[in-house]
Protein chains: 2
Amino acid sequence: MSGWITEKGPQNEIVLSSRIRLARNLKDTPFPIYLKEAQSDKVVDSVKSPFANTLNRDYYLYNMDKTDLLDKQILLERHLISKELVKSNSGAAIISKDDIISIMVNEEDHIRIQAILPGLQIMEAWKLADGIDNMLEEQLDYAYDEKLGYLTCCPTNVGTGMRASSMVHLPALNLTGSIGKILQTVTQIGLTIRGLYGEGTEILGNLFQISNQITLGPTEEEIIDNTNGVTNQIIEKEREARNILLNSNRIQLEDKILRSWGILRNAKIITSQECMKLLSDIRLGVDLDIIKGLSISTINEIMIDTQSAGISKYAKKELTAEVCDILRAQIIKEKLC
Amino acid sequence: MSGWITEKGPQNEIVLSSRIRLARNLKDTPFPIYLKEAQSDKVVDSVKSPFANTLNRDYYLYNMDKTDLLDKQILLERHLISKELVKSNSGAAIISKDDIISIMVNEEDHIRIQAILPGLQIMEAWKLADGIDNMLEEQLDYAYDEKLGYLTCCPTNVGTGMRASSMVHLPALNLTGSIGKILQTVTQIGLTIRGLYGEGTEILGNLFQISNQITLGPTEEEIIDNTNGVTNQIIEKEREARNILLNSNRIQLEDKILRSWGILRNAKIITSQECMKLLSDIRLGVDLDIIKGLSISTINEIMIDTQSAGISKYAKKELTAEVCDILRAQIIKEKLC
């Protein structure tokens, strides 16, 4: 089970997870998009070699061409690989046993190091990712330019090659209608807002991924400080909005949350989209003590396990959308009742 | 507690209650609408006198001018008096301890005898009403015409003065969309369809009151046979529709019913209209064994106790609609959890 899903972290009532991603490339090697099969394999071997002593013990290697589509999708749903890597046949992923570290090989760049932790711990995630980065750099020659920094396939990643992000749950800001203005402000100060599965994905269940837009210019620490600071400000705004709702509309809020709680435990058919909406309500309910005896980690587990691939894995076969919606309701009931 | 609400009767899965109402008037006395106060009182005294030995033991008398508005509304919500009598100051009601018999005095007619039983027992209700009618006729002179029969204030009641009705729950016919055609057919063969509280009231919670339109011409037995026969045919159609839904859309039906079941036990605010809708779903759920361990009488009690006056009585004060919706949810939870 993924570390950020089941473990607790600071400010976990609002921040689901913090993530650092570093983009790195090997010197004198074409970017993955231009690689021939043999060259791709060589890149995978190079990145694998520093893990020689820890592979199959602390880390596992997944070659995309040898991994079941269903297993790849499960890694995707657990935020351990990207949807681009799922489609790739020449890529690979090296993932730590506790699901905190994942290194994608031959995605957009040769190497994408990710560290993901529960709650607001961007700096801690950075330390973990930086440790892996240093370990790799000892054995590999990175494509690095004195003036530009780390070179990347897409120019938007050049420099630090870093994306620092937090995944925040903002139901009260949405209910009070302040969310639009806040997201606009965040964008204006150079950060980006994305959905649960990164770039171009829909915003579901009031979950927003806040991350830096700029990688070239500021130092890693500056990027982290900025993302961290903005996340803290948004947390503050969300807490204010939760208090406003509690003070002015407590019974309406309780009604909304408890209805979702009733539906979640009783429905026989739940679409993925409705599930995210209901989970958002009960996540808020747990924080406000309207729902008792339920842990955030159970909510996280349901959120991850009820994605399509998770359900297919549970059913041990490919499923139609209709059957998926029925099984989703069944899995939720097993977790909650 | 009213007999039909808590007791079981034949075909109770579909028929809530059967009712007979007889309209009678006193000879040589103006209809209530033309009566002066002293004359009204005399009518009440006349109707009261046959109950001299049973009053305050098997029957209770409610003089409308001495009864709290709230108590009158509760009698209305329990189907023991009409909304016209609630408004009256010169009327009265004599109601049996078990709430099966009620005699309204100075409503539209001098006397309105009602017998109401659980399930489909129109003939049994008729026997009870007829017994009261005979007892009264021994001591009172009715306005009766050899050719026309019993004379009534409104010509639509002349003849037998009888309305025979059944209250049926038809959710499956509504879901399958057949209800419109069936109601149309019922109307074409001389019966009337009304809502829960009689003439001009809204149809709520899939509850339909089927009753005879014609009182002059056919005998009492013919009216009863006809209403009974049509009710049986509608029961048959509703059972067919329930089977169709179970066979073709079981999971969707279970989902609908269990969502309502979840909302009913968890919501903090429930309007009267939503309550009727949710109760309709769980009433169907109990019949189809989708909801277990819940009795029809609990559903009936909730349906009656969550009307506005019932809630005010519970709260021991007059309430705003908003507070009413909150208390309704509370009462339901107490009954169900």
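Residues numbered from 1 in each chain as written. Chains lettered and ligands numbered in written order. Predicted model: local features only at pLDDT ≥ 70, side-chain atom pairs only at ≥ 80, totals over all residues. Heavy atoms only, no water.

1. Description of the relation of the copies chain A and chain B
Laying chain A over chain B is done by rotating through 180° and shifting 0.0 Å along the axis; what remains is an RMSD of 0.0 Å. Both chain copies can therefore be described as sitting about a two-fold axis. Scanning chain A for the C-alpha nearest the rotation axis identifies G262 of chain A, at a separation of 2.1 Å. Looking at the interface residues of chain A, 100% of them are also at the interface in chain B, so both copies use one shared face. (Least-squares fit on C-alpha atoms with pLDDT ≥ 70 in both. Contact = heavy atoms within 4.5 Å.)

2. So, the pairing of strand 5 (residues 111-118) of chain B
All names here are of chain B. Of all the eight residues making up strand 5, eight are buried; the element is thus mostly covered by neighbouring parts of the structure. As judged from the eight bridges shared by strand 1 (residues 15-24) and strand 5, these two strands associate in the antiparallel manner. The residue bridging R24 from the neighbouring strand is I111, located in strand 5. From the end of strand 4 (residues 101-105) to the start of strand 5, which pair antiparallel, there are five residues, and N106 there has a positive phi angle of about 60°. (Buried < 20%, exposed > 50% of the residue type's maximum accessible area, 1.4 Å probe, protein only. Helix = DSSP H or I, 4+ residues; strand = E, 2+ residues; numbered from the N terminus. Pairing = 2+ DSSP bridges.)

3. A short note on the domain arrangement of chain A
All names here are of chain A. Domain boundaries in chain A define domain 1 (9-239) and domain 2 (250-336). On the domain 2 side, the residues contacting the 20 residues of domain 1 number 20 residues. Between domain 1 and domain 2, roughly 1700 Å² of surface is buried when both sides are summed, and carbon and sulfur atoms account for 67% of that area. Inspection of the region where domain 1 meets domain 2 yields two salt bridges. Between K313 and D71 there is a salt bridge, with the nearest N and O atoms lying 2.8 Å from each other. Here domain 1 and domain 2 share eight residue pairs in polar contact (both at pLDDT 80 or more) between them. At five residues, helix 3 (residues 69-77) tops the list of elements feeding residues into the side of domain 1 that touches domain 2. Counted by class, the side of domain 1 that touches domain 2 contains nine nonpolar, six polar and five charged residues. (Domains from an automatic or database assignment. Buried area = accessible area lost by both parts, 1.4 Å probe. Salt bridge = Lys/Arg side-chain N within 4 Å of Asp/Glu carboxyl O. Polar contact = N/O pair within 3.5 Å; in protein donor to acceptor, adjacent residues only side chain to side chain. Nonpolar A, V, L, I, M, F, W, Y, C, P; charged D, E, K, R; others polar.)

4. Quick word on helix 12 (residues 321-336) of chain B
Residues and elements named next belong to chain B. The end-to-end C-alpha distance of helix 12 is 22 Å, a good match for the 22 Å that 16 residues give at a rise of 1.5 Å each. All buried positions along helix 12 are accounted for by C324, D325, L327, R328, A329, I331, I332 and L336. For helix 12, the secondary structure elements touched by its buried residues are helix 8 (220-266), helix 9 (272-287), helix 10 (296-305) and helix 11 (308-315). (Expected span 1.5 Å × (residues − 1).)

5. Considering the environment of K42 of chain A
All names here are of chain A. Take K42: it is sitting in helix 2 (residues 37-48). On the accessibility criterion, K42 (62% relative accessible area) is exposed. Separated by 110 residues in the primary sequence, K42 and T152 place their C-alpha atoms 19 Å from one another.

6. Details of the interface of chain A and chain B
Contacts between chain A and chain B engage 17 residues on the former and 17 residues on the latter. Counting the surface lost from both chain A and chain B, the interface buries some 1500 Å², and carbon and sulfur atoms represent 62% of this. For chain A, the biggest contributors to the area lost against chain B are R259, N266 and K268 of chain A; these three give 38% of the whole. Here chain A is connected to chain B by four salt bridges. We note a salt bridge from R259 of chain A to E274 of chain B, for which the minimum N-O separation is 2.7 Å. The interface formed by chain A and chain B contains ten residue pairs in polar contact (both at pLDDT 80 or more). The biggest single contributor to the side of chain A that touches chain B is helix 8 (residues 220-266) of chain A, with eleven residues.

7. Overview of the pattern of salt bridges
Applying the stated criterion across every chain, the model contains 40 salt bridges over all chains. Across the pair R242 of chain A and D287 of chain A runs a salt bridge whose closest N-O atoms are separated by 2.4 Å. Residue R242 of chain A is found in helix 8, and its partner D287 of chain A is found in helix 9 (residues 272-287); the two are separated by 45 residues along the sequence. When its relative accessible area of 3% is taken as the criterion, R242 of chain A is described as buried. Owing to a relative accessible area of 25%, D287 of chain A belongs among the partly exposed residues under this scheme. Between D305 of chain B and K335 of chain B there is a salt bridge, with the nearest N and O atoms lying 3.3 Å from each other. Here D305 of chain B is found in helix 10, whereas its partner K335 of chain B is found in helix 12, with 30 residues between them in sequence.

8. Observations concerning helix 9 of chain A
Residues and elements named next belong to chain A. Given a rise of 1.5 Å per residue, 16 residues ought to cover 22 Å, and the 23 Å separating the end C-alpha atoms of helix 9 matches this to within 8%. If you check which residues of helix 9 are buried, you get C275, M276, L278, L279, S280, D281, I282, R283, L284, G285 and V286. Looking one or two residues beyond helix 9, the residue adopting positive phi is D289, at roughly 65°.

9. Considering the pairing of strand 1 of chain B
If a strand is regular, its side chains alternate between the two faces of the sheet. All names here are of chain B. Among the ten residues that make up strand 1, ten are buried, leaving the element largely enclosed by the rest of the structure. Sheet topology note: the strand 1/strand 8 (residues 162-169) ladder contains seven bridges and is antiparallel. Each bridged residue has a counterpart across the sheet, and for S18 the counterpart in strand 8 is S166.

10. Observations concerning the side chain of T306 of chain B
All names here are of chain B. For T306, the location among the structural elements is in the loop between helix 10 and helix 11. On the accessibility criterion, T306 (3% relative accessible area) is buried. A distance of 2.6 Å separates the side chain of T306 from the backbone oxygen of I302, its partner in a polar contact. Here T306 is in contact with C275, I311, R328, I331 and I332, once residues within four sequence places are set aside.

11. Considerations on the sheet that holds strand 3 (residues 92-96) of chain A
Residues and elements named next belong to chain A. The eight strands are arranged 2-3-4-5-1-8-10-9 in an open sheet whose pairing can be described as antiparallel. Because the sheet does not close on itself, it has two edges, and the strands there are strand 2 (59-63) and strand 9 (191-194). Direction aside, the axes of adjacent strands within the sheet are offset by 20° on average. Against the sheet, helix 8 contacts strand 1 (15-24), strand 8 (162-169), strand 9 and strand 10 (207-212), and its axis sits at roughly 10° relative to strand 8. (Axes fitted to C-alpha atoms, helices over the stretch in contact; angles between N-to-C directions.)

12. Digging into the nonpolar core
Counting residues in hydrophobic clusters, the biggest one holds 178 residues, and the most contacted among them are I20 and I103 of chain A together with I20 and I103 of chain B. Among all residues touching I103 of chain B, those that are not within four sequence positions of it are V47, F51, A92, A93, I94, I111, R112, I113 and I132 of chain B. (Core = buried A, V, L, I, M, F, W, Y, C linked by side-chain atoms within 4.5 Å.)

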